[in-house]
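# Descriptive analysis of the structure
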Amino acid sequence: MDPWRYSTEGISIALRVTPRGGRDDIDGIETLANGRSVVKVRVRAIAEGGEANRAVTELLAKALGVPKARVKLLSGATSRLKQIAVDGDPKGLGETLRKLTAAGPNQETKD
């Protein structure tokens, strides 16, 4: 099952974030112990003052090809598990996410 849900405005993505992860990247999909699927994301930023959250939204905006203003944190501001909303074409965003998560680390999100 995909770790994102479609809506009329875009998609909602379940993430597990690793702050101070050495690089900004999408590492694929992981299934948690409770059976829930999440997109694994790592960022260089530290988890203080919202820096990691900003880095996550910037990474997703860049990877999905949408303006930063279209990526919003829905929940999990102080947790590794986050819910992010991305406004845009749901089908196109879902297809892009599928490619990004299938590619594995450092393949689709490189500068």
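Residues numbered from 1 in each chain as written. Predicted model: local features only at pLDDT ≥ 70, side-chain atom pairs only at ≥ 80, totals over all residues. Heavy atoms only, no water.

Right, let's talk about the overall build of the chain for a bit. Within the chain, the secondary structure is distributed over two helices and six strands. Tracing the chain from N to C terminus, the helices and strands come up as β-β-β-β-α-β-β-α. Relative to the compact-globule value of 13 Å for 111 residues, the chain shows a C-alpha radius of gyration of 13 Å, a close match. Across its three principal directions, the C-alpha atoms of the chain cover 35 × 30 × 30 Å. Buried positions account for 43% of the 111 residues belonging to the chain. (Helix = DSSP H or I, 4+ residues; strand = E, 2+ residues; numbered from the N terminus. Rg over C-alpha atoms; globule rule 2.2 N^0.38 Å. Buried < 20%, exposed > 50% of the residue type's maximum accessible area, 1.4 Å probe, protein only.)

For the chain, mean pLDDT is 91; residues scoring 70 or higher make up 92% of the total. Counted against residues more than four places away or in other chains, residues 106-111, with its pLDDT under 50, gives twelve contacts. (pLDDT = per-residue confidence, 0-100. Contact = heavy atoms within 4.5 Å.)

Quick look at the pattern of salt bridges now. Enumeration over the complete set of coordinates arrives at seven salt bridges. With a shortest N-O distance of 3.0 Å, R23 and D25 are connected by a salt bridge. Among the ionic contacts, a cluster of salt bridges with common partners joins R23, D25, D27 and R42. (Salt bridge = Lys/Arg side-chain N within 4 Å of Asp/Glu carboxyl O.)

In terms of nonpolar packing, the biggest core is built from 25 residues, with I13, L15 and V86 touching the most fellow members. Looking at this core, the element that brings in the most residues is helix α1 (residues 51-64), giving eight residues. For L15, the contacting residues outside a window of four places in its chain are V38, V39, V41, V56, L60, R80, L81, K82 and I84. (Core = buried A, V, L, I, M, F, W, Y, C linked by side-chain atoms within 4.5 Å.)

Turning to its location among the elements, K72 is positioned in strand β5 (residues 71-75). Residue classification places K72 among the partly exposed residues on the basis of a relative accessible area of 39%. Put simply, K72 and G21 are 51 residues apart on the chain and 21 Å apart in space, counted from C-alpha to C-alpha.

Moving on to the side chain of Q83. Residue position: Q83 is located in strand β6 (residues 81-87). At a separation of 2.7 Å, a polar atom in the side chain of Q83 contacts the side chain of S12. A polar contact is formed between the side chain of Q83 and the side chain of R36, at a distance of 3.4 Å. Every residue in contact with Q83, bar those within four places of it in the chain, is listed here: R5, S12, I13, A14, R36, K72, L73, L74 and S75. (Polar contact = N/O pair within 3.5 Å; in protein donor to acceptor, adjacent residues only side chain to side chain.)

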